[in-house]
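Structural overview for review
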Amino acid sequence: MVERYSISRRLFVGFNYTFLTVLSFLCLFPIVHVLAVSFSSNAAAAGGFVKLWPVGFTTASYEYVLTRGEFLDALLVTLQRVGLGVFVNMFLTILVAYPLSKEASAFRSRTAYAWIFVVTILFNGGLIPVYMTVKYTGLLDSIWALVLPGAVPVFNIILLLNFFRNLPKEMEEAAFMDGAGQWTTMWRIFVPLSLPALATITLFATVNHWNSWFDGLIFMNRPEHYPLQSYLQTVVVQQDLSDIASQDLDLLAEVNDRTFKAAQIFLGALPILLVYPFLQRYFVKGIVLGSVKE
């Protein structure tokens, strides 16, 4: 039997579709506009004629960006940061979430340790103590200065430990009866069953490391050690063209400040745009199951 919706229901559904369509367009418009500017000619971009479609299509901006060593060096630093940072984040998140997911009868100090981690969400020492810590531990101007200060993401730990709590206790008890210890149970039982939650917090960690720019400006003394987003921030705020090589002058004549910046911004966002669709299907399930405590 076909269900008939009332007029008010149809209006409500229609309004939702219209609102979400407009909202999606507003979210996509800046990305499409930046992409169009990056592929447009010098004159069209400078004159403000570019909206959603390239005017005077050219790839000169991308050719120029990809031939500059500063951009490639910053990209390499960011790839190193993401690789190390995500691995450290995930490893420590699993190690902390697993014991904190136990009942107080199995881990007596669980509540005390949980509050220690929660307090760090509410309060922090501030920028100066963090900088002094990094400096006096010898991490300044190294890749570890970008990785270790945020090595334990407490929000991700809370999501994962609640996900662990939702797993059937019978599987853990069966593993113990078969002679498995806590370490084996964690890696052989809990981790394989938690792929939705792990995919979600992996996405969080990846985006966090990829988009971070302020710590690069603070902890790196030399521009060649900047991660990509820190480098792009300096480019967008103040572009220095004093060190342009003579062989790049002809190519530079085909681009301008807007197309140059747009190409770099889009290249900086492209990896996340490519990775997100593959992890998005785990996103909702991981968030819902990891944020509700029974």
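As a reminder, the structure under discussion sits directly above these lines.
I will try to describe carefully the structure that is included in this document. (Residues numbered from 1 in each chain as written. Predicted model: local features only at pLDDT ≥ 70, side-chain atom pairs only at ≥ 80, totals over all residues. Heavy atoms only, no water.)

Of regular secondary structure, the protein chain possesses 15 helices and zero strands. Across the 294 residues that make up the protein chain, the buried fraction comes to 36%. Restricting to contacts in the protein chain with at least 6 residues of sequence separation, those with at least 24 account for 74%. When the accessible surface of the protein chain is totalled, it reaches about 17600 Å², and 68% of it is carbon and sulfur. (Helix = DSSP H or I, 4+ residues; strand = E, 2+ residues; numbered from the N terminus. Buried < 20%, exposed > 50% of the residue type's maximum accessible area, 1.4 Å probe, protein only. Contact = heavy atoms within 4.5 Å. Areas by Shrake-Rupley, 256 points an atom, 1.4 Å probe, with all protein chains shown as cover.)

A separate point is the packing of helix α8 (residues 154-166) against helix α11 (residues 195-211). For the pair α8 and α11, the least separation of the axes is 10 Å and the interaxial angle reads 175°. As judged from the angle between their axes, α8 and α11 are roughly antiparallel. For the pair α8 and α11, the contacting residues are F155, N156, L159, L160 and F163 in the first and P196, A197, L198, I201 and F204 in the second. Partitioned by chemical class, the residues of the contact of α8 with α11 number nine nonpolar, one polar and no charged. (Axes fitted to C-alpha atoms, helices over the stretch in contact; angles between N-to-C directions. Parallel < 35°, antiparallel > 145°, perpendicular 65-115°, else oblique. Nonpolar A, V, L, I, M, F, W, Y, C, P; charged D, E, K, R; others polar.)

Counting residues in each nonpolar core, the largest one holds 44 residues, and the members touching the most others are F71, L160, F164, L198, L228 and Y231. Considering each element in turn, this core owes the most residues, eleven residues, to helix α4 (residues 69-100). Ignoring any residue separated from it by four or fewer positions in sequence, one finds L228 in contact with F71, A74, L75, T78, W210 and G268. Membership of the second largest hydrophobic core comes to six residues, among which are A36, A45, V50 and A262. (Core = buried A, V, L, I, M, F, W, Y, C linked by side-chain atoms within 4.5 Å.)

Scanning the model with the defined rule gives 15 aromatic pairs in all. Ring centres of Y98 and F164 lie 6.4 Å apart, and the angle between their planes is 75°; this geometry places the pair in the edge-to-face category. Here Y98 is found in helix α4, whereas its partner F164 is found in helix α8, with 66 residues between them in sequence. With respect to burial, Y98 and F164 carry one shared label: buried. Its relative accessible area of 1% is what places F164 among the buried residues. Counting every residue linked through ring pairs, the aromatic cluster contains F87, F91, W183 and W187. (Phe/Tyr/Trp six-rings, centres within 6.5 Å; stacked < 30°, edge-to-face > 60°.)

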